Amino acid sequence: AGNGALHFGAGRRTDWILPSPRDYIGRPLAGASCYTQCTMTGPIVVIDYGAGNLRSVARALAHVDEAPVVSADPADIDRAGAIVLPGVGAAADTMSNLISRNLVEPLLHYINAGRPFLGVCMGLQALFDRSEEGGGQECLGVLPGEARRFEPGDGRKVPHMGWNTVDWVRSHPVATGIPSGSYF
């Protein structure tokens, strides 16, 4: 633990990437484009629920000089300064994996406390009340509504994976310094 290696192992706590959570207590949020005044009181924890793009997320965070902790341990959620819930796959599998690893209640407690959270792909979809995938799946219920499939047309490919330009339809602090039409 804390040896500076980018390592993904097996087991309940998948891995520590760089320092342990104890090394982050009271650490200022350095070098991040945080749009509120905030101080990290723990590491950025990438939730490992057995699926998803967690390696890509962890590498992206390391690229911006963060030292994420990739963990499947529910106790690490409470110690986190920020949570990233990645995801690839179906809503039913995501929810089943979160439930079987006892991650739902700690995640809801964390999110409902207003602490920093980022859902990526399926991790964002799981925040809604439900998803229409597979005939309907109850999700975390943090955001009201249902994640629905959009229909192909107007040049849209379904399912879509890849890069696109982003056009801002209104201003938001998250978009500060990122021009409309940027490629993601």
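Since this is a predicted model, take the numbers as computed values, not measurements.

Rules used throughout
- Residues numbered from 1 in each chain as written.
- Predicted model: local features only at pLDDT ≥ 70, side-chain atom pairs only at ≥ 80, totals over all residues.
- Heavy atoms only, no water.
- Buried < 20%, exposed > 50% of the residue type's maximum accessible area, 1.4 Å probe, protein only.
- Helix = DSSP H or I, 4+ residues; strand = E, 2+ residues; numbered from the N terminus.
- Pairing = 2+ DSSP bridges.
- Salt bridge = Lys/Arg side-chain N within 4 Å of Asp/Glu carboxyl O.
- pLDDT = per-residue confidence, 0-100.
- Contact = heavy atoms within 4.5 Å.
- Patch = residues over 30% accessible without salt bridge, like charges linked within 9 Å, V, L, I, M, F, W, Y side chains within 5 Å.
- Areas by Shrake-Rupley, 256 points an atom, 1.4 Å probe, with all protein chains shown as cover.
- Lys, Arg positive; Asp, Glu negative; His and termini not counted.
- Charge placed at Lys NZ, Arg CZ, Asp CG, Glu CD.
- Axes fitted to C-alpha atoms, helices over the stretch in contact; angles between N-to-C directions.

Once that is clear, we can look at the pairing of strand S3 (residues 82–85). Side chains of S3 alternate between two faces, with Ala82 and Val84 and Ile83 and Leu85 buried alike. By the bridge criterion, 3 bridges tie strand S1 (residues 44–47) to S3 in an arrangement that is parallel. Counted as the bridge partner of Ile44 is Ala82 from S3.

On to the pattern of salt bridges, then. Overall, the coordinates contain 4 salt bridges when judged by the stated rule. We note a salt bridge from Arg115 to Asp78, for which the minimum N-O separation is 3.6 Å. Residue Arg115 is located in the loop between helix H4 (104–112) and strand S4 (117–119), and its partner Asp78 is located in helix H2 (residues 74–79); the two are separated by 37 residues in the primary sequence. Owing to a relative accessible area of 24%, Arg115 belongs among the partly exposed residues under this scheme. Its salt-bridge partner being Glu138, residue Arg130 comes within 2.6 Å of it at the nearest N-O pair. Classification of Arg130 as partly exposed rests on a relative accessible area of 26%. Salt bridges here are not isolated pairs; linked through shared partners, they connect Arg130, Glu138 and Glu146.

Turning to the confidence of the model for the protein, a few remarks are in order. Chain-level statistics for the protein give a pLDDT mean of 78 and a share of 78% at 70 or above. Counting interchain partners and residues more than four positions distant, the pLDDT-below-50 stretch residues 1–37 has 74 contacts.

As a further point, take the sheet that holds strand S5 (residues 128–131). A sheet is described by the order of its strands in space; here 3 strands give the open sequence S6-S5-S7, paired in mixed fashion. The strands lining the two open edges of the sheet, one partner per strand, are strand S6 (137–138) and strand S7 (143–147). Across 3 bridges, S5 lies against S7 in parallel orientation. Residue pairing across strands places Ser131 opposite Ala147, the latter belonging to S7.

For the rest of this paragraph, the subject is a negative patch on the surface. On the surface, a cluster of negative charge is contributed by Asp93, Glu132, Glu133 and Glu151. Summarising the element assignment, Glu151 is placed in the loop between S7 and strand S8 (165–166). Judged by relative accessible area, which is 53%, Glu151 ranks as exposed.

Read across the open sheet, the 4 strands follow the order S2-S1-S3-S4; overall the sheet is parallel. Edge strands, defined here as strands with exactly one partner in the open sheet, are strand S2 (69–71) and S4. Neighbouring strand axes in the sheet, compared pairwise and without regard to direction, differ in orientation by 20° on average. Packing against the sheet, H4 makes contact with S1, S3 and S4, and its axis sits at approximately 125° to S3.

Despite not being glycine, Asp65 shows a phi value in the positive range, around 65°. Mapped onto the secondary structure, Asp65 falls in the loop between helix H1 (54–63) and S2. For Asp65, a relative accessible area of 71% translates into the label exposed. You will see that Asn102, though not glycine, has its phi angle at about 55°, which is positive. Summarising the element assignment, Asn102 is placed in the loop between helix H3 (91–100) and H4.

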